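Chains, contacts and geometry: an overview
Each chain is listed here by its residues.
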Amino acid sequence: MSWTAPQSVRTNPPTVAGEREMLERWLDHHRQTLLHKCAGLTFEQLTERSAEPSSLTLLGLVRHMSEVERAWFRRRLTGTPLPFLYCDLDTNPDGDFDDVGAADPEADFATFAEEVELADAAAAGRSLEDTFFHPGHAKDISLRWVYVHMIEEYARHNGHADLLRERIDGVTGS
């Protein structure tokens, strides 16, 4: 497969802004950082595992974050009943990470872009104070919490992506 991950356009979040803009721009910055860590890599590089026994790969991170975007913004915030993209909680709970060998990275990157767009649309026009009930946590959760959680989730996984990229081709830095 000759496909390579495209370059990403990453902008710095503002240092002064309203709360909503700050949250949205930091989330977008982290989304683009993940793509930046993948830019220019081949299928083989995107699916190179970090270290045994871990199944962590850059493509797995992109697939995982597609699942996370869908879960928090569309399944939970809007209450839309949607299937998992890569996982099955009963038979393959880590399919986003484990099944990258037969994956189509071009399609997976397109899915990521679509899930980000749909997540943004789901949050548009809603107040940060809007809540939904999360049965797993047995409590109400606000959209504000979702933004903060998503920034944390990306920050953690972007740290993984830093290490993976350095292992693959020696590239370091932001």
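Before any of the text, the structure's been laid out above.
One structure accompanies this document, and this report is about it. (Residues numbered from 1 in each chain as written. Predicted model: local features only at pLDDT ≥ 70, side-chain atom pairs only at ≥ 80, totals over all residues. Heavy atoms only, no water.)

**Section: the environment of alanine 161**
Assignment of secondary structure puts alanine 161 in helix H6 (residues 143–169). On the accessibility criterion, alanine 161 (0% relative accessible area) is buried. Note: C-alpha distance between alanine 161 and serine 50 (111 residues apart in sequence) is 9.6 Å. Not counting residues within four places of it along the chain, the set of residues in contact with alanine 161 comprises Leu34, Lys37, Leu58 and Leu61. (Helix = DSSP H or I, 4+ residues; strand = E, 2+ residues; numbered from the N terminus. Buried < 20%, exposed > 50% of the residue type's maximum accessible area, 1.4 Å probe, protein only. Contact = heavy atoms within 4.5 Å.)

**Section: the environment of asparagine 12**
Its location among the elements puts asparagine 12 in the segment before helix H1 (19–38). Judged by relative accessible area, which is 62%, asparagine 12 ranks as exposed. Spatially, the C-alpha atom of asparagine 12 lies 8.0 Å from that of arginine 25, the residues being 13 residues apart in sequence. In this structure asparagine 12 touches Arg25 and His29, once residues within four positions along its chain are discounted.

**Remarks on the packing of helix H3 (residues 58–77) against helix H5 (residues 105–123)**
In contact at an axis separation of 9 Å, H3 and H5 are set at 25° when each is read in the N-to-C sense. Classified by the angle their axes make, H3 and H5 are roughly parallel. Crossing hand, H3 versus H5: left-handed. Judged by residue contacts, Leu59, Val62, Arg63, Met65, Ser66, Glu69, Arg70, Phe73, Arg74 and Leu77 of H3 engage Pro105, Asp108, Phe109, Thr111, Phe112, Glu115, Val116, Leu118, Ala119, Ala122 and Ala123 from H5. Classifying every residue of the contact of H3 with H5 gives 13 nonpolar, two polar and six charged. (Axes fitted to C-alpha atoms, helices over the stretch in contact; angles between N-to-C directions. Parallel < 35°, antiparallel > 145°, perpendicular 65-115°, else oblique. Left-handed = near helix turned anticlockwise from the far one by under 90°. Nonpolar A, V, L, I, M, F, W, Y, C, P; charged D, E, K, R; others polar.)

**Points about the packing of aromatic side chains**
The tally for this structure, following the rule as stated, stands at four aromatic pairs. For the ring pair tryptophan 3 and phenylalanine 109, a centre distance of 5.2 Å and an interplane angle of 55° mean the geometry is tilted. One end of the pair, tryptophan 3, is in the segment before H1; the other, phenylalanine 109, is in helix H5, and 106 residues separate them in sequence. An identical accessibility class is assigned to tryptophan 3 and phenylalanine 109; each is buried. Taken together, a centroid distance of 5.1 Å and an interplanar angle of 55° make the contact between tryptophan 72 and tryptophan 145 tilted. One end of the pair, tryptophan 72, is in helix H3; the other, tryptophan 145, is in helix H6, with 73 residues separating them in the sequence. Judged by its relative accessible area of 35%, tryptophan 145 falls in the partly exposed class. Between arginine 75 and the ring centre of phenylalanine 84, over which it is positioned, the NZ or CZ distance is 4.1 Å. (Phe/Tyr/Trp six-rings, centres within 6.5 Å; stacked < 30°, edge-to-face > 60°. Lys NZ or Arg CZ within 6 Å of the ring centre and 35° of its normal.)

**Considerations on the pattern of salt bridges**
One pass over the structure, following the stated rule, counts 15 salt bridges. Of the charged contacts in the structure, one is a salt bridge between glutamate 21 and arginine 25, with a shortest N-O distance of 3.3 Å. Of this pair, glutamate 21 and arginine 25 both sit in helix H1, four residues apart, roughly one helical turn. Judged by its relative accessible area of 37%, glutamate 21 is partly exposed. On the basis of relative accessibility, which here comes to 32%, the residue arginine 25 falls in the partly exposed class. Its salt-bridge partner being aspartate 120, residue arginine 31 comes within 2.8 Å of it at the nearest N-O pair. Residue arginine 31 is located in helix H1, and its partner aspartate 120 is located in helix H5; the two are separated by 89 residues in the primary sequence. The class of arginine 31 is buried, set by a relative accessible area of 1%. Connected via shared salt-bridge partners are Glu19, Glu129 and Arg144. (Salt bridge = Lys/Arg side-chain N within 4 Å of Asp/Glu carboxyl O.)

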